[in-house]
Amino acid sequence: MQVSELHIYPLKSARGIALTSSDVDAHGLVGDRRMMVVDPSGHFVTQRELPALATLTVTPGAGKVQLLLDDGRSVTTPLPDPDRRMDVAVWKSIVSAAVADDATNAALSDWLGRDLKLVHFDERARRIANPEWAGPDTPVTFADGYQVLITTTGSLNGLNADMQAHGEAPVGMDRFRPNIVIDCDEPWADDRWLAIEINGIRFDLVKPCARCIMTTQDQRTGSRDIASPMPAMGRLRMSADRRVPGPLFGWNATPRDHGAVAVGDTVTVISERSESWAIKRR
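Residues numbered from 1 in each chain as written. Predicted model: local features only at pLDDT ≥ 70, side-chain atom pairs only at ≥ 80, totals over all residues. Heavy atoms only, no water.

## Brief notes about helix α1 (residues 102–112)
At 3.6 residues per turn, the α-helix brings residues three or four places apart onto the same side. Among the residues making up α1, those that are buried are Thr104, Asn105, Ala107, Leu108, Ser109, Trp111 and Leu112. Where the residues of α1 are buried, they touch β5 (35–38), β7 (56–61), β8 (64–69), β9 (74–78), β11 (93–99) and β12 (117–120). With a side-chain oxygen positioned 3.1 Å from the backbone nitrogen of Ala103, the residue opening α1 is Asp101. At the C-terminal side of α1, Gly113 shows a positive phi close to 75 degrees. (Buried < 20%, exposed > 50% of the residue type's maximum accessible area, 1.4 Å probe, protein only. Helix = DSSP H or I, 4+ residues; strand = E, 2+ residues; numbered from the N terminus. Contact = heavy atoms within 4.5 Å. Polar contact = N/O pair within 3.5 Å; in protein donor to acceptor, adjacent residues only side chain to side chain.)

Written out as structure tokens, the structure is:
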């Protein structure tokens, strides 16, 4: 097995960036989900309620960030003053984040049609993943809950085969917004993996990823008038474990080492579960 794709999402819920290699630290792939948009109260905003975020490309640079909409509107903003801060909410986590300047926030609000602020997970920000799954004191940025999301080509092929058998159009891997895609022939093999190693870095697969409405959206336009993988996941991938209810695709992983990964790197399973994750049988 080998790494077939690498992706980061500099702004949570905006368009992803494909990479050929990436440094890895305790937070995951470097640069992933370091920014987020929030409403005036500080609550995070995603494609779930604002699908147009899929049309926004965010490119970090040296001391600055470029935001570009598909229609050509853009703004380049400096990294924020670290003393300009607000508390923001990501699910149940409250994080002290640095806030972008007023002009940038005004541009984003105008583009996306609602009052928004751009916030940064800077050096002063702190957040810890759920220790019940990831272990104690594992830092995480603005991801939904964990540091790295891993999917496999075999699972996507298995899902698409079921969709086609039911007269449904196939979907791409971008619907699932992974960080690391592993080329693996067997569908759902990751349900058995406890830990893998890539270029000397151990990744513990700590929790399966329950899926939401974002998988039904085109990840370049935000449209939901397209094929949905939800019915197929309902047929194939409904969790039978109440700790993680819903349809599952991919695994949340926590890196235990620092280093770098690249497309083409060998992936080795170094530990397996005694039992595969329980899935409801139809």
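## Quick word on the pattern of salt bridges
Following the criterion strictly, the structure yields 16 salt bridges and no others. A salt bridge links Arg235 to Glu168; the shortest N-O distance between them is 3.0 Å. Of the two residues, Arg235 is situated in helix α4 (residues 230–236) and Glu168 in the loop between α3 (153–165) and β14 (180–183); the sequence distance between them amounts to 67 residues. Classification of Arg235 as buried rests on a relative accessible area of 19%. Judged by relative accessible area, Glu168 falls into the partly exposed class, the value being 21%. Between Arg243 and Asp241 there is a salt bridge whose closest N-O contact spans 2.8 Å. Taking relative accessible area as the criterion, Arg243 reaches 53% and is therefore assigned exposed. (Salt bridge = Lys/Arg side-chain N within 4 Å of Asp/Glu carboxyl O.)

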